[in-house]
Amino acid sequence: MPTRLKKAYFTARTSTLTRAREICMIHSSGGTSDLQYHMYYCTKDFSIETNLRRQKPPLILRHHRTTHQLSTMAPVTNSRVLFNDYPEGFPEPEKTVVFDKSQIIDPDTIALNGGVLVKVLVLSIDPYLRNKMRKTEESAYTDNYTIGEPIYAFGIGKVVRSDDAGISAGDHLYGHFPFVELAVLFNVEKHTKIERVSDLPWSVYLGVCGMPGKTAYHGWMAYVHPHVKKGETLFVTTGSGPVGSLVIQLAKLDGLKVIASAGSEEKVKFMLDCGADVAFNYKTTSTKDILDKHGPINIYWDHVGGEILDLALSAADKFARFIECGMISGYNHGFAPVKNIAHVLFKNITMQGFIVGNLEAQFGHEFCRVIPSKVASGEIKYLEYAKRGLENTGQMFLDVQTGKNTGKALIIVADD
């Protein structure tokens, strides 16, 4: 458990938008496994393009040897996180996934066969990964993890050796990475080479300037912004998370009144710092009372489904728009029936679900042009929640599913 946690919120002030330096890193004073809180500001120069459609996991390291040597590194232990058991309910640390140190590899001689050897730097833990922990017959919209194999998610890695003509040692790649310290990637075309500008941490490219940021931006530009009217009321759940906090800020840029909910007083403070007009802790305050007082709502950005979706349907104005971005209330214990669905008919409500990868071709370039510059200037804020070490992966999965994380959840694997 972390010790002597410190926290801070920042407003960036820079003399130029083209380069922004890291403002601060606040962390615990404990050991390497302690929790860390970060708030960073991205750079205008950042550009990243990636195919966010469903991707197969990278191929895993195999014990091959070759005479091709680029250095004199000795064989090393390659720590991994393996998928071990299908969870019933919440993922269980040390049971659903297990930390494994049984693999020994030689970075100098392991066969690349046209691929690259990568040192994994940082990995993303996102709510949707719970859906990869289902049995094949229960598969939803994403490929499932395989028992006994490393789990995988979006990450950043640094190339150690390369047999690919387009990639050199020292390059940094973005894409799906296995939860290992060293990975051989044979499907390099599914990864994007990126360059870091200024002193920002690589983790920023997995948060507000990565897939979560794109989820907020792409969905907003596709389904909200074209129809928005200044002064309308938006309600967003999990408003302190990496998607919800950006939704709050996009809504304020469009002149909306924002009601936002989350599960702690610390999260409430961050939502207010992001610009929410009404922010509340749904665990201690009645959602119904808040919506009755500050509604009706014209736009609902949903991350949770379940009971809150029912309350939003009751509090919706005529011709309201519902953006269904997540359903975390049902990921672990099944989905509750929606009792007030008839309001969709009676109030002429539009409900739109989406997956971010389906909108990447339409909004990907625009996102890279617009959002990083706003982050660099301090106009957009975000928060990170990180733990160092692959051994903390199981607990981080549980933290995300139970809402204990404040900000973007990350596993820091290694320094650059």
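Just so we're clear, the structure is a prediction, and the values are computed from it rather than from any experiment.

Draft legend 1. Summary view of the side chain of Asn 131. By the element assignment, Asn 131 lies in the loop between β7 (116–124) and β8 (152–162). In this structure Asn 131 comes out as buried when scored by relative accessible area, which is 4%. A distance of 3.1 Å separates a polar atom in the side chain of Asn 131 from a polar atom in the side chain of Arg 134.

Draft legend 2. Local environment of the nonpolar core. Residues Ile 156, Trp 220, Leu 234 and Trp 301 are the most contacted members of the largest nonpolar core, which totals 87 residues. Within the second largest apolar cluster, 20 residues are counted, among which are Ile 259, Val 278, Ala 312 and Ile 328.

Draft legend 3. Quick look at helix α4 (residues 287–294). Restricting attention to buried positions, one finds in α4 the residues Thr 287, Ile 290, Leu 291 and His 294. Axial view of α4: buried residues confined to an arc of 95°, hence all on one face. Residues of α4 that are exposed and angled more than 90 degrees away from the buried face: Asp 289, Asp 292 and Lys 293. Against β12 (233–236), β13 (257–262), β14 (278–281), β15 (297–302) and α5 (306–315) lie the buried residues of α4. Backbone nitrogen of Lys 288 and a side-chain oxygen of the N-cap are separated by 3.4 Å at the start of α4; the cap is Ser 286.

Draft legend 4. Looking closely at the pairing of strand β18 (residues 384–388). Extensive coverage of β18 is indicated by the burial of 4 of its 5 residues. In the sheet, β18 pairs with strand β19 (residues 408–412) via 5 bridges, with the strands oriented parallel. The residue of β19 that forms the bridge with Tyr 385 is Ala 409. Taking the sense of rotation as the criterion, the β-α-β connection linking β18, helix α8 (residues 393–402) and β19 turns out right-handed.

Draft legend 5. Highlighting the packing of helix α1 (residues 211–223) against helix α2 (residues 244–253). α2 packs onto α1 with a crossing angle of 35° between their chain directions and a minimal axis gap of 8 Å. As for how α1 packs across α2, the hand of that crossing is right-handed. Contact with α1, carried on its side by Gly 213, Ala 216, Tyr 217 and Trp 220, involves Leu 246, Val 247, Leu 250 and Ala 251 of α2 and no other residues of that element. Broken down by class, the residue content of the contact of α1 with α2 amounts to 7 nonpolar, 1 polar and no charged.

Draft legend 6. Focus on the pattern of salt bridges. Applying the stated criterion across every chain yields a total of 14 salt bridges. Here Arg 321 makes a salt bridge to Glu 232, at a shortest N to O gap of 2.9 Å. Pair noted here: Arg 321 is in strand β16 (residues 316–324) and Glu 232 is in the loop between α1 and β12, with a separation of 89 residues, a long-range link. When its relative accessible area of 14% is taken as the criterion, Arg 321 is described as buried. A salt bridge links Asp 415 to Arg 388, with the nearest nitrogen and oxygen atoms 2.9 Å apart. Pair noted here: Asp 415 is in the segment after β19 and Arg 388 is in strand β18, with a separation of 27 residues, a long-range link. On the basis of relative accessibility, which here comes to 23%, the residue Arg 388 falls in the partly exposed class.

Criteria and thresholds
- Residues numbered from 1 in each chain as written.
- Predicted model: local features only at pLDDT ≥ 70, side-chain atom pairs only at ≥ 80, totals over all residues.
- Heavy atoms only, no water.
- Helix = DSSP H or I, 4+ residues; strand = E, 2+ residues; numbered from the N terminus.
- Buried < 20%, exposed > 50% of the residue type's maximum accessible area, 1.4 Å probe, protein only.
- Polar contact = N/O pair within 3.5 Å; in protein donor to acceptor, adjacent residues only side chain to side chain.
- Core = buried A, V, L, I, M, F, W, Y, C linked by side-chain atoms within 4.5 Å.
- Arc of directions from axis to C-beta.
- Contact = heavy atoms within 4.5 Å.
- Pairing = 2+ DSSP bridges.
- Right-handed = clockwise from strand over helix to strand, strands pointing away.
- Axes fitted to C-alpha atoms, helices over the stretch in contact; angles between N-to-C directions.
- Left-handed = near helix turned anticlockwise from the far one by under 90°.
- Nonpolar A, V, L, I, M, F, W, Y, C, P; charged D, E, K, R; others polar.
- Salt bridge = Lys/Arg side-chain N within 4 Å of Asp/Glu carboxyl O.

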